[in-house]
Amino acid sequence: FFALFAVASLVVGVSLARDRDLCWIGRLALFSAAMGVAAWFLPSGNGIAIPELAAAVPGQLWLVILGYRMIRLKTA
């Protein structure tokens, strides 16, 4: 899940970064992809889900912002 989520964030981020209105959300998605990959190289304690949390939170942030924008503009 986390590997594919980073790849999906990268693909969507590149796509959104090309759009003038959504470029900041695209940049946030690209940052999320970078954080998702970097999270697996951070030192963490045994049995603690820190890499999963560090990978998921930035991704959920840009997804919530994009969803809110879609609801506000009523676009699908």
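These figures come from a predicted structure and were not determined experimentally. (Residues numbered from 1 in each chain as written. Predicted model: local features only at pLDDT ≥ 70, side-chain atom pairs only at ≥ 80, totals over all residues. Heavy atoms only, no water.)

### Considering the packing of helix α1 (residues 2-17) against helix α3 (residues 50-73)
At their nearest, the axes of α1 and α3 sit 11 Å apart, and the two run at 35° to each other. In terms of crossing hand, the pair formed by α1 and α3 is left-handed. Touching F2, F5, S9, V12 and L16 of α1 are E52, A55, A56, G59, Q60, W62, L63 and L66, all from α3. Split by residue class, the contact of α1 with α3 holds 9 nonpolar, 3 polar and 1 charged. (Axes fitted to C-alpha atoms, helices over the stretch in contact; angles between N-to-C directions. Helix = DSSP H or I, 4+ residues; strand = E, 2+ residues; numbered from the N terminus. Left-handed = near helix turned anticlockwise from the far one by under 90°. Contact = heavy atoms within 4.5 Å. Nonpolar A, V, L, I, M, F, W, Y, C, P; charged D, E, K, R; others polar.)

### So, the side chain of S9
Within the element layout of this structure, S9 appears in helix α1. Sequence-distant contacts of S9, that is, excluding residues within four places in its chain, are made with A29, L30, S32, A33 and W62.

### Details of the nonpolar core
In this structure, L16, L22, I25, L28, A29, W62 and L66 together form the largest nonpolar core, which totals 7 residues. Broken down by secondary-structure element, the contributors of at least two residues to this core are α2 (23-38) and α3. Of the residues forming this core, the biggest block, 3 residues, is contributed by α2. Those residues in contact with L22 that lie beyond four places of it in its chain are L16 and R69. (Core = buried A, V, L, I, M, F, W, Y, C linked by side-chain atoms within 4.5 Å. Buried < 20%, exposed > 50% of the residue type's maximum accessible area, 1.4 Å probe, protein only.)

### Some thoughts on α1
For α1, spanning 16 residues, the distance from its first C-alpha to its last is 22 Å, which sits close to the expected 22 Å at 1.5 Å a residue. Considered for burial, the residues of α1 that qualify are F5, A6, S9, G13 and L16. Buried residues in α1, looked at end-on, bunch into an arc of 100°, giving them a common side. Opposite the packed face of α1, turned more than 90 degrees from it, sit the exposed residues A3, L4 and V11. Those residues of α1 that are buried are in contact with α2 and α3. (Expected span 1.5 Å × (residues − 1). Arc of directions from axis to C-beta.)

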